[in-house]
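# Survey of secondary and tertiary structure
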Amino acid sequence: MEDQGNAAPAAAAENGANTAQEVSSTTQPIEPTKRALRVQTWKKIQEGKVGIGFNNIFNRIPGFVDADKAAALLINEDEFKKAQHIKVNIDRALHDFKEQALLADKSVYLPSTRDSSALCLKVDVPADATEEQKKDALRVQDIQKFRTEIGLDSGLKLDIVVIGSVVVSRDGYRIGRGNGFADLDIGLLVELGAITPETVIATIVHDLQVVDSLPLNLFQKYDTPVDIIVTPSEVIRVAKRLPRPSGVFWELLSERRLKILPVLQQLKEREEKAGKSISLKEEDTDVEQHQNNRRRRGPVRRRFQRGNPGRTTSQTDNEQQGETTQKRTPRRKGRFVTRRRRTTKSEGDQSGVEGGAKSEDRKFEEAGTGERRPKKNKNRGPRDFCIKLTNLTRDIRVKDLKSELRKRECNPMSITWKGHFGKCFLHFGNRNGTPSTQDDVDKVLKSLNDLSLTITTGGETAPAAAAGAEGDAAVKTEPAESAAPVQTKTINVNVELFKFGAKKSASSTGANASAGEDGNAAGGAQNGGEAGAVAGGEGGGARVESVDTTTV
């Protein structure tokens, strides 16, 4: 792609200059990087409130609202109707398209796991499977169930490949999340002949992720372009197909990358047996992103590490900065760590902006309440009504409730789980910002009609107890207790509807509100805890665990 720099139109250069001015925080225009364009797009999605999931926008292929509309547009195209073998990545934005392709009796292929030596995984469902069974086949995590490994010698020919993107231009250039696995997967499929010149590469994105053009100097020979761009509002066809990767570029891979992906190691050994000379990259500059992506609950504690590792970057970011960026000098290994002292009120009045700009948390604490201001979830839409479930026993887990809700096709925005108090709250609302109608409320109540949970207890074997006396040569052991019998019981769950407006007024007055004429009445607040759990998601004196169930 480097030899196409002279053929770049003037519009691309003008757009690149405008993008540089938007990304730069100074008055001097700088050349935009892939990382800067990713961050800029993630911020647009967050500010536009079109992302899905709590804190699931940055550093990944973002899921967005109306992804089902984009999937519906793609399945109506002639390329989809003629295709039989379709490979789809596992990004959240592509889940609706995977379901529609499987329901259309297409052969759907998914990426293989990192510890597998297979080229990809085929989703296998029985011929007489229902629509619900086909959808469940996509949700399973065990590759032994509803999955068949496709080897390197399978001779697979793909008709359509659908990948996710962070930024994409109307002329076909694409920027992913930055770790390079999608481009490497495309190169591997081209190397083995699974992607042919007749194969169509498409991407499903939101309208905010589409730009007119991107700077051509950001793209290398291993970057994957797209042929079709599908958004919830339009289908964009690239006028002129851009050059695709010709295969796997071994000189850009390290030994550690081959250890991460066993399929590459297997392909390398096969190529070397055939007489091909392969040389890998000597210096390992591949930096994996998000090696530990588990979020820790509770207050975040800053750890003072030795050195200054900085943020993780991708391979393309390192190559773009290259020689112009100097390496950061590691922090001196000192025994004492200087912490920044919080300025007092008197000092803040004299220190200008730094001391005068108080955080919202400090203002809230100085008001005398003694509590922290609850953090608002910007990515989740407003909640219009709530369903309270009672008569829950202590042996019921939240996964049991989620499983039953999936079967009933009931999809709450979030769940406030208070199982130790025998109740929980299901919060509902439209993610596109429009208020829920009475039909939406009736649909939810109809799906929860005669709600009951079936749980299984018992079956565990108690450990054997050993007893011995001092001075005795032998130790007497008691026989192990028999396993507890397996018991299956069904628990009927009470369902009660709450309206947020009526609940807030009831909690403010401290009185119990009776049922109204329309049947949507709220019970009285119990010591302020229940009202807080319904309206704000937190109980008064009880520990509340909020569970994000946007995938229910």
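Residues numbered from 1 in each chain as written. Predicted model: local features only at pLDDT ≥ 70, side-chain atom pairs only at ≥ 80, totals over all residues. Heavy atoms only, no water.

## Notes on the state of the cysteines
Disulfides are covalent bonds that link the sulfur atoms of two cysteine residues. The final tally for this structure, using the stated rule, is 0 disulfides. Free cysteine Cys424: the closest other cysteine sulfur is in Cys386, separated by 8.7 Å. (Disulfide = S-S within 2.5 Å.)

## What to know about the side chain of Asn89
For Asn89, the position within the fold is in the loop between strand 1 (85-88) and helix 5 (95-103). You can call Asn89 buried: its relative accessible area is 10%. Each residue touching Asn89, except ones within four places of it in the same chain, is listed here: Leu94, Lys98, Pro111, Val162, Ile163, Ala182 and Asp185. (Helix = DSSP H or I, 4+ residues; strand = E, 2+ residues; numbered from the N terminus. Buried < 20%, exposed > 50% of the residue type's maximum accessible area, 1.4 Å probe, protein only. Contact = heavy atoms within 4.5 Å.)

## Re the pairing of strand 2 (residues 107-111)
Counting buried positions along strand 2 yields 4 of 5 residues, so the element is predominantly enclosed. Regarding the hand of the β-α-β motif, the stretch spanning strand 1, helix 5 and strand 2 is right-handed. (Right-handed = clockwise from strand over helix to strand, strands pointing away.)

## What about the sheet that holds strand 7 (residues 174-175)?
Here 3 strands make up an open sheet; going across it, the order is 7-6-9 and the pairing mixed. Two strands close off the open sheet at either side, each with one partner strand: strand 7 and strand 9 (210-211). With 2 bridges joining them, strand 6 (residues 167-169) and strand 7 adopt antiparallel strand pairing. Note that in strand 7 the partner of Val168 across the bridge is Arg174. (Pairing = 2+ DSSP bridges.)

## Here's the deal with the environment of Leu103
Along the chain, Leu103 turns up in helix 5. A relative accessible area of 27% places Leu103 in the partly exposed class. Separated by 32 residues in the primary sequence, Leu103 and Lys135 have C-alpha atoms spaced 8.3 Å apart.

## Side note on the packing of helix 7 (residues 181-191) against helix 9 (residues 262-273)
Interhelical geometry of helix 7 versus helix 9 gives an angle of 35° and a closest axis separation of 12 Å. Crossing geometry of helix 7 relative to helix 9 is assigned as left-handed. Facing helix 7, whose interface residues are Leu184, Leu188 and Glu191, helix 9 presents Val263, Leu264, Leu267 and Glu271. Broken down by class, the residue content of the contact of helix 7 with helix 9 amounts to 5 nonpolar, no polar and 2 charged. (Axes fitted to C-alpha atoms, helices over the stretch in contact; angles between N-to-C directions. Left-handed = near helix turned anticlockwise from the far one by under 90°. Nonpolar A, V, L, I, M, F, W, Y, C, P; charged D, E, K, R; others polar.)

## Considering the confidence of the model for the protein
Predicted coordinates in regions of low pLDDT should not be interpreted in detail. Of the residues in the protein, 61% reach a pLDDT of 70 or more, and the chain-wide mean stands at 73. Low pLDDT (under 50) marks residues 318-326, which in the prediction has 7 contacts with non-local residues, meaning those over four places away or in another chain. Long-range and interchain partners of residues 345-361, a stretch whose pLDDT sits below 50, account for 11 contacts in this model, where long-range means more than four residues apart. (pLDDT = per-residue confidence, 0-100.)

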